[in-house]
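Observations on the model geometry
This is what each chain is made of:
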Amino acid sequence: MRGEGVIRLKRTHNCGDITREDIGKEVILNGWVNDMRKLGNLIFVTLRDRSGFIQIVFDPRVSIQAHNIAKDVRKEYVLAIKGKVKERPEGTINPAYKTGELEVAAIDIEVLNTSKTPPIYVNRDNRTDEDLRLRYRYLDLRRRSMQKNLIQRHKIVQSARAYLNENSFIEVETPILTRSTPEGARDFLVPWRGKPGYCFALPQSPQLFKQLLMIGGLERYYQFARCFRDEDLRADRQLEFTQIDIEMSFVEVEDILSITEGMVKRVFKDVLNKEIDIPLNRLQYSEAMDRYGSDKPDRRYGHELIDLTDVFCNTTFKIFRNTIGSNGVIKALKVENDLAFSRSAIDDLEDAVKEVGAKGLIWMKFENNGVRSPIARFLSAAEIESMKERCSSSNGDILFIVAGDRSIVNTALGMIRGTLISKLPDPEETFDILWVLNFPFVEWDKEENRYKAEHHPFTMPNLEEFKRYKDTDPLKIGSLTYDLVINGVEMGSGSIRINTPQLQREVFELLSIKEREAEKRFGFLLEALEYGAPPHGGVAIGIDRLVMLMTGNRSIRNVTAFPKTKSGFDPLTNAPSKVSEKQLKELHIRIIE
RNA sequence: GGACCCGUGGUGGAGAUGGUUACCAUGCCGGCCUGUCACGCCGGAGGUCGCGAGUUCGAUCCUCGUCGGGUCCGCCA
């Protein structure tokens, strides 16, 4: 009998938890048929539940009835088995399973449910089309690796939560239905029946609410906050994702860094039993750019950028001379051998480099009988020699050289470094964790023709620099910001926030957010800042990415129970879907084709 | 919005520079089998080669388009 809400044989044990201690005991197990082997009169079933596997033997000498039912069992059937735990006979131990020395001799069996033949392999970890996996996600989730991913995720979240609780943080929920804040990413809008023409927005982050909680005197807040951004998806980006959102009052940068470091250390210890040395390494933003050409450097691979500017201080080569003359730099990236870079690959790199503003890409290859490069004949032997020495190059090495404005050179070589790294083998089980500090306060937005907040508009600038450069050269202003970077992935970021209305207004002004506009959008914040807003700051850590790295996955889709495809579609539920005329009418919405 | 890769029985792959019955593995169904565990052996079923158009005597293969999936750039305060 099945489907009656009654389990005749209710589980007493979990499959994976059966040990030698249980030998001789009668147990009842509930689970799925992972696979089975039917040898005439003897039937073996590997039963699976969340805890693991154990082998069930159906022997007609033990129970003819159970054996008869087992004959018709198929993969993914849901079974309840009563049987006696016993040691496997000599020579039949399977070391691949934790319970490989044991088996359960079935006395009784209840088929709790049958199953169609699954369209994807549940009992194997082979590559399957991801679209199909998502369409049958509930089957995909039965796979060992997916269960592990979600269990690890759970452990990470619980570990972080315990740490924060122990450090006097209060968990507070903030609204999912909130107001649109046009700065930043594209908003998801939610129309509401109650107010035609008006929309809620889903939060890109609880930014303003967490600041209001500080003004509200909560002092230490955290939340596992779902965030929504209507932007294109990537391997490490979904439309919705989860952050460990943290905010603290009466703190400086150091306080946030050390609380976060403590959390990272705790989580790695609890979940992976790995010791993380704290305090973590720190790089100034400018140093990260200079040495790695990236604000989220992956330092596991070395390959730092090499400054060659002074090598060419007296050069006759026009391009380099002009670069130096206009305060530019000449820098190189060394690649130990050029096997990964064909001529056409170099051409592709050059195209990419030009897109970020570089004038060109020079390559130089050291060979047994000298040097090969399009610019070799313009350089003196001494220059080539000191380049080679500066880069500690040996024969076979290739140098990629870019000359020009410092930030363009850094970005260009950083891109090449990224391409190089992607070709190198992944050092597994290694974690390069660091802080990148002091990002620029603003960047220039070419499209909108204005300065834009590099972090967000509530970030505390370096006050001295703010005063000095806000009217002359705002790009020189630094900010009290920090990014947590793990293995070249931006794992989290935060800042000290502005806590006075005067400064907040000045910053809006710099960002060309008009007084009236500011009042309209952020008036409630400006007002709140009038009432004794404490100094405060915080950080947000991307849970999905953290779990991805800690479980050795390349995509956050593997650590998200129900993710969407790259085009924002859910093949399981077929969301998003069309809605009825009636629903639209109620919302006063008409679709224009 | 752009570049690139992929789409072949349920699943994962192979395929020919356009021509017989589209190949392999696995899965599925049936039979045999009392120590299997990727069980084994025997037999069988299963395909609009993503979709559309074009070129051609003939297209799974070439061309164009389109849809779907993926990686990256733009975008992601």
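Numbering of residues begins from 1 in every chain and follows the order in which that chain's sequence is written. Working convention: letters from A go to chains and numbers from 1 go to ligands, in the order in which they are written. The model is predicted, so local features are restricted to residues of pLDDT at least 70 and side-chain atom pairs to those at 80 or more, both for listing and for counting; the totals for chains, interfaces and linings are taken over all residues. Excluding hydrogens and water, the side-chain values take into account all heavy atoms of the structure.

By the criteria applied, helices consist of DSSP H or I runs no shorter than four residues and strands consist of E runs no shorter than two, each listed in order from the N terminus. Counting secondary structure elements, chain A contains 16 helices and 22 strands. Projected onto its principal axes, the C-alpha positions of chain A cover 95 × 75 × 55 Å. Whether a residue is buried, partly exposed or exposed follows from its accessible area with a 1.4 Å probe, protein chains only, as a fraction of its type maximum: under 20%, in between, or over 50%, in that order. Looking at chain A as a whole, 48% of its 593 residues are labelled buried. Pairs at least 24 apart in sequence give 68% of the contacts found in chain A among residues at least 6 apart. Accessibility throughout is a Shrake-Rupley quantity obtained with a 1.4 Å probe, and a residue counts as covered only by protein chains that appear here. Carbon and sulfur atoms form 49% of the exposed surface of chain A, whose accessible area is close to 31000 Å². When checking whether two residues touch, look at their non-hydrogen atoms; a contact exists if any pair is within 4.5 Å.

Here the expected span of a helix is defined as 1.5 Å times the quantity of residues minus one. Helix length check: helix 11 (residues 406–423), at 18 residues, gives a terminal C-alpha distance of 26 Å against a target of 26 Å (1.5 Å per residue), a fit within 8%. Restricting attention to buried positions, one finds in helix 11 the residues Val409, Asn410, Ala412, Leu413, Gly414, Ile416, Arg417, Leu420 and Ile421. Looking at the packing, one finds that the buried side of helix 11 touches helix 7 (285–292), strand 13 (329–335), helix 9 (343–355) and strand 16 (398–404).

Next up on the list: the protein's contact with RNA strand B. Taken together, 49 residues sit near RNA strand B, with Arg37, Thr92, Glu103, Arg234 and His455 positioned nearest. Under the rule applied, a polar contact is a pair of N or O atoms within 3.5 Å (in protein, one hydrogen donor and one hydrogen acceptor; residues adjacent in sequence only if both atoms are side-chain atoms). Residue arginine 124 places a side-chain N or O atom 2.9 Å away from a sugar or linking oxygen belonging to RNA strand B. Lysine 566 is positioned such that a nitrogen or oxygen atom in its backbone is 2.8 Å from a phosphate oxygen of RNA strand B. Looking at the surface near RNA strand B, the elements that each hand over two or more residues are strand 1 (26–39), strand 2 (42–49), helix 2 (130–135) and strand 19 (450–453). At four residues, the largest contribution of residues to the surface near RNA strand B is made by strand 1. Any residue that is not Ala, Val, Leu, Ile, Met, Phe, Trp, Tyr, Cys, Pro, Asp, Glu, Lys or Arg is counted as polar, Gly included; the first ten are nonpolar and the last four charged. Considered class by class, the residues forming the surface near RNA strand B number 12 nonpolar, 14 polar and 23 charged. Distances are taken per atom, and a residue is near a molecule or strand as soon as one of its heavy atoms is within 4 Å of it.

For the purposes of this analysis, a disulfide is any pair of cysteine sulfur atoms at a distance within 2.5 Å. Counted by the stated rule, this structure contains zero disulfides. This cysteine, cysteine 199, is not joined by any disulfide, and cysteine 227 carries the nearest cysteine sulfur, 20 Å off.

Our focus in this paragraph is the packing of aromatic side chains. Here the aromatic set is Phe, Tyr and Trp, taking the six-membered ring for Trp, and pairing holds for ring centres within 6.5 Å; pairs whose planes are under 30 degrees apart are stacked, those over 60 apart are edge-to-face, and all others are tilted. One pass over the structure, following the stated rule, counts 15 aromatic pairs. Ring centres 6.0 Å apart and planes at 85 degrees place the aromatic pair tyrosine 222 and phenylalanine 224 in the edge-to-face group. Relative to phenylalanine 508, the ring of phenylalanine 458 lies with its centre 6.4 Å away and its plane at 85 degrees, an arrangement referred to as edge-to-face. Taken together, the residues span a long stretch of sequence, with phenylalanine 458 in the loop between strand 19 and helix 12 (463–469) and phenylalanine 508 in helix 13 (residues 501–510) at a distance of 50 residues. The pair formed by phenylalanine 458 and phenylalanine 508 is uniform in burial state, with each residue classed as buried. Sitting over a ring, as applied to charges here, requires NZ of Lys or CZ of Arg to be within 6 Å of the ring centre and within 35 degrees of the ring normal. Positioned above the aromatic ring of tyrosine 121, the side-chain terminus of arginine 124 is 4.5 Å from the ring centre. The ring of tyrosine 198 has lysine 195 sitting right over it, with the charged end atom 4.4 Å from the ring centre.

For the rest of this paragraph, the subject is the sheet that holds strand 2. Strand pairs in the sheet, formed through backbone hydrogen bonds, run parallel or antiparallel to each other. By this definition, two strands are paired if DSSP reports at least two bridges between them. Judged by pairing direction, the barrel is mixed, and its five strands sit side by side in the order 1-2-3-5-4 before closing back on the first. For this sheet, the mean inter-axis angle between neighbouring strands, taken without regard to orientation, is 55 degrees. As paired strands, strand 1 and strand 4 (residues 78–87) are joined by seven bridges and run antiparallel to one another. Each bridged residue has a counterpart across the sheet, and for tryptophan 32 the counterpart in strand 4 is valine 78. Between N-to-C directions, angles cover 0 to 180 degrees, with each direction set by a line fitted to C-alpha atoms, over the stretch in contact for helices.

What follows deals with the sheet that holds strand 10 (residues 240–249). Taking strand neighbours across the sheet as the criterion, the eight strands line up as 6-9-10-22-21-20-17-11 in an open arrangement whose pairing is mixed. Strands with a single pairing partner mark the edges of an open sheet, and in this sheet they are strand 6 (170–171) and strand 11 (281–284).

Here we take up the environment of aspartate 307. Checked against the element boundaries, aspartate 307 lands in strand 12 (residues 306–307). Remark: the alpha-carbon pair of aspartate 307 and leucine 480, spanning 173 residues in sequence, is separated by 28 Å. Leaving out residues up to four positions away in the same chain, aspartate 307 has contacts with Ile330, Lys331, Arg390 and Arg406. Separated by 2.5 Å, the side chains of aspartate 307 and threonine 309 make a polar contact.

We place a 1 Å grid over just the protein atoms. Points where a 1.4 Å probe fits but has no way out form a cavity, open points with protein on both sides within 12 Å along at least 5 of 7 lines form a pocket, and any residue with an atom within 4 Å of a point lines it. Grid points are joined across faces, edges and corners, and a volume is the space filled by probe spheres set on the points. For the structure shown, the criterion picks out one cavity of 30 Å³ or more. Lining the largest cavity are Ala160, Ile244, Met263, Val264, Val267, Leu484, Ile486, Met491, Ile541 and Leu546. Taken together, the elements giving at least two residues each to the lining of the largest cavity come down to helix 6 (253–272) and strand 20 (481–486). Top contributing element to the lining of the largest cavity by residue count: helix 6, with three residues. Tallied by class, residues from the lining of the largest cavity come to 10 nonpolar, no polar and no charged.

We now examine the pairing of strand 10. Taken across its 10 residues, strand 10 has nine buried, putting it largely inside the fold. Two elements, strand 9 (residues 220–228) and strand 10, share nine bridges in a ladder whose sense is antiparallel. Residue pairing in the sheet places phenylalanine 228 in a bridge with glutamate 240 of strand 10. Pairing of strand 10 with strand 22 (residues 536–542) involves seven bridges; the strand directions are antiparallel. Its bridge partner being in strand 22, isoleucine 246 is matched across the sheet by valine 539.

Picture a little ball the size of a water molecule; that probe, rolled over the atoms, points out where space is still empty. Taken as a whole, the second largest pocket encloses approximately 460 Å³ of empty space. Asp125, Ser145, Met146, Asn149 and Asn553 are, among the 17 residues lining the second largest pocket, the residues nearest its centre. Considering only residue class, the lining of the second largest pocket consists of three nonpolar, eight polar and six charged.

Moving on: the side chain of threonine 260. By the element assignment, threonine 260 lies in helix 6. Among the polar contacts listed, one links the side chain of threonine 260 to the backbone oxygen of isoleucine 256, at a separation of 2.7 Å. Leave out the neighbours within four places in its chain, and threonine 260 touches Trp435, Val539 and Ile541.

Before going further, it helps to spend a moment on the side chain of glutamine 55. As for its position among the elements, glutamine 55 is in strand 3 (residues 52–58). The class of glutamine 55 is buried, set by a relative accessible area of 11%. Polar side-chain contacts of glutamine 55 include one of 3.0 Å to the side chain of arginine 37. Residues in contact with glutamine 55, not counting those within four places in the same chain, are Arg37, Phe44, Val45, Thr46, Arg88, Glu103 and Val104.

Taken by themselves, the reported measurements are silent on function.
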